[in-house]
Amino acid sequence: MKIISHRGNIDKILHERENSPDYIDEAISLGYDVEIDLWIDGNNDWYLGHDYGQYKVSKNWLNDRSDKLWVHCKNSKAITTLVGQKIINFFSHNVDKFVLTSNNKVWYHYTKDFDEIFENDPTQIIIPYLDLDTSKRAPILKFYGICTDFPKIISQRLEK
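Please read all numbers here as calculations on a predicted model, not as lab measurements. (Residues numbered from 1 in each chain as written. Predicted model: local features only at pLDDT ≥ 70, side-chain atom pairs only at ≥ 80, totals over all residues. Heavy atoms only, no water.)

Re the side chain of Glu35
- Structurally, Glu35 can be placed in strand S2 (residues 33–40).
- Comment: no salt bridge for buried Glu35; closest opposite-charge side chain is Arg7, at 4.4 Å. (Helix = DSSP H or I, 4+ residues; strand = E, 2+ residues; numbered from the N terminus. Buried < 20%, exposed > 50% of the residue type's maximum accessible area, 1.4 Å probe, protein only. Lys, Arg positive; Asp, Glu negative; His and termini not counted. Salt bridge = Lys/Arg side-chain N within 4 Å of Asp/Glu carboxyl O.)

Re the pairing of S2
- With respect to burial, S2 is a largely interior element, eight of its eight residues being buried.
- Residues of S2 alternate between two faces, with Asp33, Glu35, Asp37 and Trp39 on one and Val34, Ile36, Leu38 and Ile40 on the opposite face, all of them buried.
- Pairing geometry for strand S1 (residues 2–6) and S2, over three bridges, is parallel. Along S2, the bridge assignment pairs Ile4 with Asp33.
- Taking the sense of rotation as the criterion, the β-α-β connection linking S1, helix H1 (residues 21–29) and S2 turns out right-handed.
- Across five bridges, S2 lies against strand S5 (residues 69–73) in parallel orientation. Bridge pairing in S5 links Val34 to Leu69.
- The pairing of S2 with strand S3 (residues 46–48) spans three bridges and is antiparallel. (Pairing = 2+ DSSP bridges. Right-handed = clockwise from strand over helix to strand, strands pointing away.)

Thoughts on the pairing of strand S10 (residues 145–148)
- Side chains Gly145 and Cys147 of S10 all project onto a buried face; the interleaved residues Ile146 and Thr148 project onto the opposite face, where all are buried too.
- Where S1 lies against S10, four bridges are found, and the strand directions are parallel. When the bridges of S10 are listed, Lys2 appears paired with Gly145.
- Alignment of strand S9 (residues 125–129) against S10, held across four bridges, turns out to be parallel. The residue of S10 that forms the bridge with Ile127 is Ile146.
- Considered for its hand, the β-α-β crossover made up of S9, helix H5 (residues 132–137) and S10 is right-handed.

In structure tokens:
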């Protein structure tokens with residue numbers, strides 16, 4: 001199972017560091033995949049950031065980490081730029097319950113419909129466990145991955 005750090009967070013939410021390249025690299029160095037937010041502007045400059053492009057990065061920066069990144073495309077330029085390439089895992093959603101990633105995994109946006117999620121093959125699902133209580137208590141099935149702000153807690157639960 002892949003444990004995916006949400007925006008670089010490891011054991012708590014640090015809004016001031018989320019999506020920063022050094023924070024992402026820290027999570028990767030600990031063995032986690034990382035979900036990041038990507039914006040590409042009209043000049044084809046690439047930025048990371050949740051609500052807007054905050055940290056400028058290069059395409060090479062993403063490619064060098066492509067086996068560990070799950071890119072949430074935040075604008076149409078980001079998704080249309082990534083559609084033709086085969087290296088980076090990406091997806092886009094806003095209010096959708098779930099979406100299909102570029103590598104054919106089902107990325108859930110909400111965990112409110114556990115019954116629906118559990119009716120399906122969990123090995124194809126990436127599920128968000130974004131709050132502390134869910135990360136500590138929610139069932140851990142044989143999901144393809146869990147995206148969380150608390151990957152350290154999920155890792156400890158899996159070791160038991």
